[in-house]
Amino acid sequence: GDLLRMHMKLMTGVGTDPKQQYQDAEKAYQASLRELRGKAPSVLPLLANAYERAGESEYFQRWALVETMRELQSEAAVATLSKIATSAIPPERIKNDPERSSVDEELRIRVTAVEALGPLASTNAVATRTLLSLTKSPYLGIKRSAIRGYLAAAPTPDAQKKRTEKLKASLPRNLHALITLETTDVKKVPHPDMPEKFEIKKSRPPEGAPPKVPPIK
């Protein structure tokens, strides 16, 4: 428990390792992660319990717990990750704030869980079934991550081809572009022509000259 609490602090760059061995935050984090991986069977129940006890609005804490499960790379996490990835997303909780969305926060948590299941699906049937079911998610981010994880976990090129055909048969034609592991080099993406000069319109009238401060006598 102490190791896990310290690790969660290191995720945000708060504090350092107890023995003061690492001054670099990333090195301290990776050292903590290696230690936790060696104790994954004991750590994962604590992570699952902490996630269950976390309040709904504790979005960052819940994401950090799922991210830690992902980083442990242990099949023992499959059941918990599957439960989180397939859980229903509550309706929007954050009102009157155009810069924040509770639905986006919830999606981030679930996409992280889906991404964690991808590497585990190569040897775990439960993870594979979960990914396949999530390829039909109504949320694009979940759907895309599930498709990529499901395809990448295929044991052979022939198996991957069969999975591709299976997805094409089950998903609408307009979504077939998602059924790929290929990535696009950003340098090859066409960019729009940019004007030499931007006309920036002021959204409010000028406020006038700043007030003059009398000299101090």
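Residues numbered from 1 in each chain as written. Predicted model: local features only at pLDDT ≥ 70, side-chain atom pairs only at ≥ 80, totals over all residues. Heavy atoms only, no water.

Engineer: For this particular structure, what's the right way to read the overall build of the protein chain?
Structural biologist: A tally of regular secondary structure across the protein chain gives nine helices and zero strands. Going residue by residue from the N terminus, the α and β elements of the protein chain occur as α-α-α-α-α-α-α-α-α. Per-residue burial for the protein chain yields a buried fraction of 38% across its 217 residues. Considering only residue pairs separated by 6 or more positions, the protein chain has 59% of its internal contacts joining residues 24 or more positions apart. Only carbon and sulfur atoms are counted for the fraction: they give 54% of the accessible area of the protein chain, which is about 14900 Å². (Helix = DSSP H or I, 4+ residues; strand = E, 2+ residues; numbered from the N terminus. Buried < 20%, exposed > 50% of the residue type's maximum accessible area, 1.4 Å probe, protein only. Contact = heavy atoms within 4.5 Å. Areas by Shrake-Rupley, 256 points an atom, 1.4 Å probe, with all protein chains shown as cover.)

Engineer: For this particular structure, what's the right way to read the nonpolar core?
Structural biologist: Side chains of nonpolar character tend, in soluble globular proteins, to be buried together. Within the largest apolar cluster, 49 residues are counted, with the highest numbers of intra-cluster contacts made by Leu47 and Leu81. Of all the elements in the fold, those that place two or more residues in this core are helix H1 (2-11), helix H2 (25-37), helix H3 (40-53), helix H4 (59-72), helix H5 (78-86), helix H6 (102-120), helix H7 (125-134) and helix H8 (140-152). When residues in this core are grouped by element, the largest group, eight residues, is from H6. (Core = buried A, V, L, I, M, F, W, Y, C linked by side-chain atoms within 4.5 Å.)

Engineer: Sorry, what's going on with the side chain of threonine 128 here?
Structural biologist: Secondary-structure assignment places threonine 128 in helix H7. Excluding its chain neighbours within four sequence positions, the residues that come into contact with threonine 128 are Ala121, Tyr150 and Arg163.

Engineer: Honestly, the packing of aromatic side chains in this entry has me stumped. Any pointers?
Structural biologist: Aromatic ring pairs are reported here in terms of the distance separating the ring centres and the angle at which the planes meet. In total, this model carries one aromatic pair according to the counting rule given. Between phenylalanine 60 and tryptophan 63 the ring centres are 5.6 Å apart and the planes differ by 40°, which places this aromatic pair in the tilted class. Of this pair, phenylalanine 60 and tryptophan 63 are both found in helix H4, three residues apart, which corresponds to roughly one turn of the helix. Judged by relative accessible area, which is 16%, tryptophan 63 ranks as buried. Its end group placed over the ring of tryptophan 63, arginine 108 keeps NZ or CZ at 4.2 Å from the ring centre. (Phe/Tyr/Trp six-rings, centres within 6.5 Å; stacked < 30°, edge-to-face > 60°. Lys NZ or Arg CZ within 6 Å of the ring centre and 35° of its normal.)

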